[in-house]
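Understanding the architecture of this molecule
Read off the chains here:
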Amino acid sequence: MGHLTIQGVSKNFGQKEVLQDIDLDITEGEFVSILGPSGSGKSTLFHVIGGLLKPDQGSIFLNDQDITGKRGFISYMPQHHALFPWRTVLQNVLLGQELQGNQDQQKALDMIQKAGLAGYEHSLPDALSGGMKQRASFIRALLSPQPLILLDEPFSALDDFTRQDMQQWLQDTWMEYKRTILFITHNIEEALFLSDRIVILSTKPASVIKQFKVPFERPRTEKLVLSNEFLEWKRMVAENIVRQGDDNV
Ligand code: ADP
Ligand code: MG
């Protein structure tokens with residue numbers, strides 16, 4: 001159960017208005033991307049959803065339960081992988097379950113293998129490349145018992161080739177495990193490739209200016225990214241960002 005409702009959320013830091021009256025509804029099993037330029041308030045919105053920050057106005061509901069300002073209801077993967085360096089890969093991916101006192105080691109080993117990390121179960125994160133760390137971190141989020149996963153620009157530090165591989169892997173894994181995902185990115189192509197729906201934020205302060213349902217069939221492949229239809233969508237989304245006169249894009 002991962003139905004999230006964001007209702008009239010506003011947040012200021014002192015005089016600075018960062019979020020303004022954000023309304024969003026994410027349904028069970030949906031993959032939704034939040035697209036906006038750097039500094040537009042995307043991470044702040046995630047911190048509010050995850051209960052790390054209290055909004056000045058508005059509420060967050062998960063399956064109709066008010067979770068505003070409460071932590072622990074949502075699986076949150078921060079912008080940097082945040083694996084514990086002293087824990088092995090296996091111990092890291094089991095962390096979310098460990099906190100709930102109920103571990104499924106077999107499933108974890110299975111996912112580690114499918115993520116191409118076989119042989120690294122008992123290695124420390126230092127032994128992994130950037131892309132491998134991201135996969136381990138993502139498995140931890142998937143194995144956590146919370147029904148909704150927030151991913152904050154998980155691939156932004158990766159090179160283009162690794163990024164494309166990771167997007168493909170994320171899509172395939174999501175199709176298999178069907179969780180509700182809210183994904184932050186400033187990359188239009190990434191949002192189009194991965195999402196069922198794209199939500200475009202304005203800046204200063206951020207509010208929802210446009211939403212698109214993405215029509216491409218799954219599984220999506222690299223071929224799609226090179227198609228005319230995809231490029232047309234890319235242009236259309238870009239125009240919708242530029243049209244608000246944003247100098248950051
Ligand atoms: P994004 O994730 O879209 O890049 P952020 O949500 O990190 O943007 O930041 C949005 C704005 O809020 C930025 O101008 C940033 O400097 C400001 N900001 C973020 N966190 C704080 C904070 N704790 N105190 C003051 N200003 C903040
Ligand atoms: Mg951010």
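Scroll up to find the structure this text is about.
Here's a quick rundown of the structure. Fair warning: this is a prediction, and the values are worked out from it, not measured in the lab.

1. Section: unusual backbone geometry
Omega for the peptide link from R218 to P219 comes to -5 degrees, which places this bond in the cis form. By the secondary structure assignment, P219 is in the loop between strand 10 (208-213) and helix 8 (222-225). One non-glycine residue, N63, adopts positive backbone phi at about 50 degrees. For N63, a relative accessible area of 25% puts it in the partly exposed group. Phi is positive for D64, close to 70 degrees, though the residue is something other than glycine. Within the secondary structure layout, D64 lies in the loop between strand 4 (57-62) and strand 5 (65-66).

2. Re the sheet that holds strand 3 (residues 31-35)
Think of a sheet as strands paired side by side through backbone hydrogen bonds, with each pair either parallel or antiparallel. In spatial order, the strands read 6-7-8-3-9-10; together these six strands make up an open sheet with mixed pairing. The outermost strands of the open sheet, each flanked by one partner alone, are strand 6 (75-77) and strand 10. When strand polarity is set aside, the average angle formed by the axes of neighbouring strands in this sheet is 15 degrees. As paired elements, strand 9 (residues 197-201) and strand 10 share five bridges and run antiparallel to each other. Bridge assignment links V199 to a residue of strand 10, and that residue is Q211.

3. Considerations on the packing of helix 4 (residues 105-114) against helix 5 (residues 130-143)
Two elements in contact, helix 4 and helix 5, have axes whose closest approach is 10 Å; the angle formed by their N-to-C orientations is 145 degrees. Crossing angle aside, the handedness with which helix 4 passes helix 5 is right-handed. For the pair helix 4 and helix 5, the contacting residues are K107, A108, M111 and I112 in the first and I139, L142 and L143 in the second. Of the residues assigned to the contact of helix 4 with helix 5, the class counts are six nonpolar, no polar and one charged.

4. A closer look at the environment of E30
Structurally, the position occupied by E30 is in the loop between strand 2 (16-26) and strand 3. Expressed as a C-alpha distance, the spacing of E30 and H47, which sit 17 residues apart in the sequence, is 20 Å. Sequence-distant contacts of E30, that is, excluding residues within four places in its chain, are made with D25, W174, R179, T180, I181, D196, R197 and K213. Polar contacts involving the side chain of E30 include one to the main-chain amide nitrogen of T27, which spans 3.0 Å.

Criteria and cut-off values
Residues numbered from 1 in each chain as written. Chains lettered and ligands numbered in written order. Predicted model: local features only at pLDDT ≥ 70, side-chain atom pairs only at ≥ 80, totals over all residues. Heavy atoms only, no water. Helix = DSSP H or I, 4+ residues; strand = E, 2+ residues; numbered from the N terminus. Buried < 20%, exposed > 50% of the residue type's maximum accessible area, 1.4 Å probe, protein only. Pairing = 2+ DSSP bridges. Axes fitted to C-alpha atoms, helices over the stretch in contact; angles between N-to-C directions. Left-handed = near helix turned anticlockwise from the far one by under 90°. Contact = heavy atoms within 4.5 Å. Nonpolar A, V, L, I, M, F, W, Y, C, P; charged D, E, K, R; others polar. Polar contact = N/O pair within 3.5 Å; in protein donor to acceptor, adjacent residues only side chain to side chain.

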